[in-house]
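Commentary on secondary and tertiary structure
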Amino acid sequence: VQLQASGGGLVQAGGSLRLSCAASGRTFSTYTMGWFRQAPGKEREFVARITWSGGNTNYADSVKGRFTISRDNAKNTVYLQMNSLKPEDTAVYYCAATEGAIFTGTITWGQGTLVTVSS
């Protein structure tokens, strides 16, 4: 599978953005999908995960209640709706895919999309 993320940009604190990640490949619906982010000078960190059916989602504590991950297997796309954005959400956001239920082992990464939240 190959991944192409989009939807990043500049937004004021309290605003919203929706990231999209389009996947190529007929096996998209079998992958667990997720979003990670990397802020300047920091390590990449987990943001959210959704299982192949969309029936199970997990979030980092820092985004719980503000971000929502979803997927449309018919469109081979996973989304990250980000509400109530804070300056500390500023980062490059990467979508990711793995064949397992969690992100260990082999991970396929998208190219990243920059989100900047101004105060």
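Throughout what follows, the structure given in this document is the object of discussion.

Some remarks on the state of the cysteines
By the definition in use, this model includes one disulfide. Covalent S-S linkage joins C21 and C95, the inter-sulfur distance amounting to 2.1 Å. Residues C21 and C95 share a disulfide whose torsion about the S-S bond is about 55 degrees; that sign makes it right-handed. Of this pair, C21 sits in strand 3 (residues 17-24) while C95 sits in strand 9 (residues 91-98), and the two are 74 residues apart along the sequence. Its relative accessible area of 0% is what places C21 among the buried residues. Classification of C95 by relative accessible area gives buried; the value is 0%.

Let's talk about the nonpolar core
Note on soluble globular proteins: their nonpolar side chains tend to be buried together. By size, the foremost hydrophobic cluster in this structure holds 30 residues, and its most contacted members are W35, L80, M82 and Y93. Within the residue set of this core, elements represented by two or more residues are strand 1 (2-6), strand 3, strand 4 (32-38), strand 5 (45-50), strand 7 (67-72), strand 8 (77-82), strand 9 and strand 11 (113-118).

Focus: the sheet that holds strand 7
Read from one edge to the other, the open sheet built from four strands follows the order 1-3-8-7, with strand pairing classed as antiparallel. Two strands lie at the open edges of the sheet, namely strand 1 and strand 7, each paired on one side alone. Strand after strand, the sheet turns through a mean of 15 degrees between neighbouring axes, direction not considered. Where strand 7 and strand 8 come together, six bridges link them in antiparallel fashion.

Details of unusual backbone geometry
Backbone geometry at N76 places phi at a positive 55 degrees, although glycine is not the residue there. When you line up the elements, N76 lands in the loop between strand 7 and strand 8. With a relative accessible area of 21%, N76 lands in the partly exposed category. With a phi angle near 50 degrees, S84 is a residue other than glycine that sits in the positive phi range.

Looking at the environment of N58
Tracing the backbone shows N58 in strand 6 (residues 57-59). Take N58: its relative accessible area is 31%, and that puts it in the partly exposed class. Along the backbone, N58 and A74 are 16 residues apart, and their C-alpha atoms lie at a distance of 22 Å. With sequence-adjacent residues up to four places away left out, N58 is seen in contact with F46, V47, A48 and R49.

Looking at the packing of aromatic side chains
Using the criterion set out here, one finds four aromatic pairs in the structure. Measuring from ring centre to ring centre gives 5.7 Å for F36 and F46, while their planes differ by 75 degrees; the resulting arrangement is edge-to-face. Of this pair, F36 sits in strand 4 while F46 sits in strand 5, placing them ten residues apart in sequence. Taking relative accessible area as the criterion, F46 reaches 29% and is therefore assigned partly exposed.

About the cut-offs
- Residue numbers run consecutively from 1 along every chain, following the written order of its sequence.
- Predicted model: local features are reported for residues with pLDDT of at least 70 only, side-chain atom pairs are reported and counted for 80 or more only, and whole-chain, interface and lining totals are derived from all residues.
- In computing side-chain values, all of the structure's heavy atoms are included and hydrogens and water are not.
- In this description, the term disulfide denotes a pair of cysteine sulfurs within 2.5 Å.
- Secondary structure follows DSSP: runs of H or I at least 4 residues long count as helices, runs of E at least 2 residues long count as strands, and numbering of each begins at the N terminus.
- Note on classification: 1.4 Å probe, protein chains only; a residue is buried when its accessible area is under 20% of the maximum for its type, exposed when over 50%, partly exposed between these limits.
- By nonpolar core we mean a set of buried residues, namely Ala, Val, Leu, Ile, Met, Phe, Trp, Tyr and Cys, connected to one another through side-chain atoms within 4.5 Å.
- Should DSSP find at least two bridges between two strands, the strands are taken to pair.
- Every axis corresponds to a line fitted to the C-alpha atoms, with the helix fit spanning only the stretch in contact, and the corresponding angles, defined between N-to-C directions, vary from 0 to 180 degrees.
- We call two residues in contact whenever any of their non-hydrogen atoms come within 4.5 Å of each other.
- Classification of ring pairs uses Phe, Tyr and Trp, with its six-membered ring standing for Trp, and accepts pairs whose centres are within 6.5 Å; under 30 degrees between planes counts as stacked, over 60 as edge-to-face, and the remaining range as tilted.

Honestly, it's all geometry; don't read function into it.
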